[in-house]
Amino acid sequence: MVGLQRVPQRLMVLTSLVLVLLAVCALDLAAERLLAVRPRLAPVAAAVLLAGTALLLADYMVARNAVMDNLADNRVVTALWGAGARAGPILGVPVREQVSATSYVAALSRRRALNAYNQTPAPWQDERMIQLAPIAAGRPDPAALALLRATGTTQVVVINEPHVYAPGMWRAVVDRLVASGSFRLVTTDGPFALLELTGRP
């Protein structure tokens, strides 16, 4: 079995800078050797160096990145914010090892999340996600519900992620969770549905 280690962001940046430095040195060395052999090719060497530099800089152009629009007045985010930290952590559905959308919602609402994105390896996280997986299918079992209660989690946000849920499947998961009697629907807005854990098993 191969274990995958997450690389810290700072190390990735440092590695990129080292690679850029090596690439620039290689271009400079190539231009120097070209000029030593054929001095009349100085304009060509200068053009190659400029082209290489431009290609390197193109990799660092930052494009516009809109994660989700119009969330300032989103009813789900507002409800999570209003409940505050006293309501405990939230669970983002679909349940996976790392859910960036869940982390985004948690950051906007200033709430902790059971399955937020985490760069630090956490061996216990895999087991937790396996236990919570039935909730993502709309079929909460006793083990998953017990884990929610043990961690003080009373609120679940079902996120309509198109690359996970087929059309209509997101709403079906919400309806099944409510029909189970273990959750009640608080509100829906945009790609989010907020559910709360009931007292029923």
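Look up a bit, the structure's there.
Values in this document were obtained by computation on a predicted structure and should not be read as measured data.

A. Layout of the nonpolar core. In this structure, Leu-91, Val-93, Leu-132, Ile-135, Leu-148, Val-158 and Phe-183 are the most contacted members of the largest nonpolar core, which totals 23 residues. Contributions of two or more residues to this core are made by β1 (90-93), α5 (123-136), α6 (142-150), β2 (155-159), α7 (169-179) and β4 (192-197). What Phe-183 contacts, discounting residues up to four positions off in sequence, is Ile-135, Pro-140, Leu-145, Leu-148, Val-156, Leu-177, Val-178, Leu-195, Glu-196, Leu-197 and Thr-198. By size, the runner-up hydrophobic cluster in this structure holds twelve residues, among which are Leu-80, Val-105, Ile-159 and Phe-192.

B. Spatial organisation of the sheet that holds β1. Pairing within the open sheet is mixed, and its four strands lie in the order β1-β2-β4-β3. Two strands bound the open sheet, and with one partner strand each, they are β1 and β3 (183-189). The mean inter-strand angle of the sheet, taken between neighbouring strand axes irrespective of direction, is 25 degrees.

C. Region of interest: unusual backbone geometry. The omega angle of the peptide bond from Val-93 to Pro-94 is 15 degrees, so this bond is cis rather than trans. By the element assignment, Pro-94 lies in the loop between β1 and α4 (100-109). At Arg-110, a residue that is not glycine, the phi angle is positive and equals roughly 60 degrees. With respect to the helices, strands and loops of the structure, Arg-110 is situated in the loop between α4 and α5.

D. Broad picture of the packing of α5 against α6. Between α5 and α6, the least distance of the axes is 8 Å, while the angle of their chain directions is 115 degrees. Our classification of the angle between α5 and α6 gives roughly perpendicular. In terms of crossing hand, the pair formed by α5 and α6 is left-handed. Here Arg-128, Gln-131, Leu-132 and Ile-135 of α5 come into contact with α6, specifically with Ala-144, Leu-147 and Leu-148. Looking at the contact of α5 with α6, its residues break down into five nonpolar, one polar and one charged.

Parameters and conventions
Residues numbered from 1 in each chain as written. Predicted model: local features only at pLDDT ≥ 70, side-chain atom pairs only at ≥ 80, totals over all residues. Heavy atoms only, no water. Core = buried A, V, L, I, M, F, W, Y, C linked by side-chain atoms within 4.5 Å. Buried < 20%, exposed > 50% of the residue type's maximum accessible area, 1.4 Å probe, protein only. Helix = DSSP H or I, 4+ residues; strand = E, 2+ residues; numbered from the N terminus. Contact = heavy atoms within 4.5 Å. Pairing = 2+ DSSP bridges. Axes fitted to C-alpha atoms, helices over the stretch in contact; angles between N-to-C directions. Parallel < 35°, antiparallel > 145°, perpendicular 65-115°, else oblique. Left-handed = near helix turned anticlockwise from the far one by under 90°. Nonpolar A, V, L, I, M, F, W, Y, C, P; charged D, E, K, R; others polar.

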